[in-house]
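Structural overview
In case you want the letters, here they are:
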Amino acid sequence: MNKGKLLNTTPAHLKKDNPFLCEVDSLSLSNTQLNLNMSCRLLFAKGRKPKFRAKGKDKRSYTTNWTNNNIEIVHKGDTENYIKLPKLGRVRIILHRGIPDEWRMKHATIKETASGKFYVSLTFDVDTEPMEKRKKFDRLEAFDYSMPSLVVSASGENDITSDDIRWYRNIEERIAKEQRKLSRMQYGSRNYWEQKHRIGKLHEKARNRRKDFLHKLSRKVSDAFDAVVVEDINLRHMSQSLNFGKSVYDNGYGMLRNMLAYKLKDKGKVLVKVDKFFPSSKRCSSCHEINRDLKLSDREWTCSNCGMHHDRDRNATKNLQDEGKDILNRWTNGDSSLILAPSGVLSEKKLHPQTHSNVRQGGE
C-alpha cells in the first residue's frame, strides 16, 4: 500500500491460516478481491490511500460466477421454484420473471436487505438487435424540477403534485418512533435485530413506493413522447444547501432521469439534458429577454420587455422545450458539439467551467 502496488494473487493461500474461508464459495472471494483491487487502483491514481471499511456500514452481499452449472434454476411444479447456489445447495425462491432458455447466465449476486429479506440478482448474456435512432421528434416533453412537487411538465399531462410524493415524509414519524425503541435495546440481542428489521421494512416501504411511482411515470412518458428534455442540475449540491437534503432525496428526481434515459433508449428515443447554466427560469419564453433580478422566492413575474406575465415553472418548461428542440435539430444536422452518451443521454460536450459559466450568464 505504501508503494501504491497490488499483488494479483488468488485468495487460496490465505485459507491455510484462515480455515473459515473454506466455508464460502471460492469465486465470491475472487470477486471481492477484484473489486478491492479496482478500488485501490482508482485511489492510487488520485494519489490517495484506501481506508478500512467502518463497522456497520458494510453491504451484506456477494457475487459468484456461473461455471459448470454451479448456478441453476430448478422448477418443481407451476409455483415451486429453487435456485442452486455454490456451498448452499438448493434454496427456494419466488421467481418473478420467466427466463428464456437461450439466455446465457454470467453471474449471480446475493444480498440481504435491512428488513432481513434475501434477494438474488441474475445477470445473463443476451443477443439483441440495436435499435435504430429516430431522426424525427414530433412529440417533445420537458420537465422542470420543482422542490415541493417533483416536476412540472410542458404538456401539462404529467404534472406531479406534493400529494403524489413525500413517501419518506409520510412515515417519518413512525420511523422515529421505532428508532427510539431501538435506542433502548441492548446491541446484538434478538430483540435488537428484530427491531432493526422493523425499521428496515419501513424504509423499504418508502423506497418501494417511490420506485413504483417513478417506474410508472417514466414508462408512461417514454411511451407517449419521442424525446424528453430535463435540466442537468446537481442534486448532491442542492441537497447540501438550505437543509434541502430530505426533500431532494425523497422525491427521487435523479432516479426518474435515469429511468427515462434507459427506457427511451430501448425505444430508439433520446433524453436531452440542458446545461445547468441555461437560464430557463429567468428567460422570457415569449421574447427571450433575461430577467436578471428574478429571485428564488418569485413564483410569478412579468417581462419588462414584452409585458407577458409568467408562472415561474411553466415559463421554465417552455424554455426547456424550445432549447431541447434546438439541441435535437443541431444533433440531427451533425453538430459536433453534442454527444450522445451510451446511456442514451444527449447533451453538450463539457467545456471549461469558467468559460461555460460566462457564456450562459451572458445569455448567448
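The structure contained in this document is the topic of the report that follows. Starting afresh in each chain, residues are numbered from 1 along the sequence in its written order. With pLDDT at 70 or above as the cut-off, local features in this predicted model cover only qualifying residues; side-chain atom pairs require 80 or more to be listed or tallied, and sums for whole chains, interfaces and linings still use all residues. Each side-chain value is derived from all of the structure's non-hydrogen atoms; neither hydrogens nor water enter the calculation.

Quick look at the sheet that holds strand β3 (residues 80-85)
Read across the sheet, three strands follow the order β2-β3-β4 without closing on themselves; strand pairing throughout is antiparallel. Unpaired on one side and paired on the other, β2 (72-76) and β4 (89-93) mark the two borders of the sheet. Direction aside, the axes of adjacent strands within the sheet are offset by 30 degrees on average. Any two strands with at least two DSSP bridges between them are considered paired. Secondary structure counts use DSSP, requiring at least four H or I residues in a row for a helix and at least two E residues in a row for a strand, with both numbered from the N terminus. Note that β3 and β4 share five bridges and pair antiparallel. Bridge pairing links L85 to G89 in β4. Every axis corresponds to a line fitted to the C-alpha atoms, with the helix fit spanning only the stretch in contact, and the corresponding angles, defined between N-to-C directions, vary from 0 to 180 degrees.

A short note on the nonpolar core
Among the nonpolar cores identified, the biggest contains 28 residues, and V228, Y253, L260 and L271 are the most heavily contacted of them. Elements that contribute at least two residues to this core include exactly β7 (140-146), β8 (150-153), α4 (190-224), β9 (227-231) and α7 (253-266). It is α7 that contributes the most residues to this core, six residues altogether. V272, F278, I327 and L328 belong to the second largest nonpolar core, which has 15 residues in total. Here, nonpolar core means buried Ala, Val, Leu, Ile, Met, Phe, Trp, Tyr and Cys residues that are tied together by side-chain atoms lying within 4.5 Å of each other. For every residue, the accessible area obtained with a 1.4 Å probe (protein chains only) is divided by the maximum for its type, and the residue is called buried under 20%, exposed over 50%, and partly exposed between those limits.

Brief notes about the packing of helix α3 (residues 172-183) against α4
Running from N to C, α3 and α4 cross one another at 165 degrees; their axes reach a closest spacing of 10 Å. In terms of orientation, α3 lies roughly antiparallel with respect to α4. The chirality of how α3 crosses α4 is left-handed. Counted together, R174, I175, E178, Q179, K181 and L182 of α3 and Y192, Q195, K196, R198, I199, L202, H203 and K205 of α4 form the full contact between these two elements. Looking at the contact of α3 with α4, its residues break down into five nonpolar, three polar and six charged. The cut-offs work like this: below 35 degrees is roughly parallel, past 145 is roughly antiparallel, 65 to 115 is roughly perpendicular, and the gaps in between are oblique. Handedness of a crossing is defined here by the sense of rotation of the near helix relative to the far one, left-handed for an anticlockwise turn of less than a right angle and right-handed for a clockwise turn. Between two residues, a contact is recorded if the distance between any of their heavy atoms is within 4.5 Å. Under the scheme applied here, ten amino acids are nonpolar (Ala, Val, Leu, Ile, Met, Phe, Trp, Tyr, Cys and Pro), four are charged (Asp, Glu, Lys and Arg), and all others, including Gly, are polar.

A few points about the pattern of salt bridges
Throughout this description, the term salt bridge denotes a Lys or Arg side-chain nitrogen within 4 Å of a carboxyl oxygen of Asp or Glu. Throughout the structure, instances matching the rule amount to 18 salt bridges. For the salt bridge of D159 with R314, the shortest nitrogen-to-oxygen distance reads 2.2 Å. Here the residue D159 occupies a position in the loop between β8 and α2 (167-170), and R314 occupies one in helix α8 (residues 312-332), the gap between them amounting to 155 residues. Residue D159 is classed as partly exposed on the basis of its relative accessible area, which comes to 27%. Of the residues examined, R314 reaches a relative accessible area of 32% and is grouped as partly exposed. The closest approach of N and O atoms between E178 and K181, which form a salt bridge, is 3.9 Å. Of the two residues, E178 and K181 are both situated in helix α3; the distance of three residues between them amounts to about one turn of the helix. Taking the relative accessible area as the measure of exposure, E178 reaches 16% and is therefore buried. The partly exposed category is assigned to K181, whose relative accessible area is 34%.

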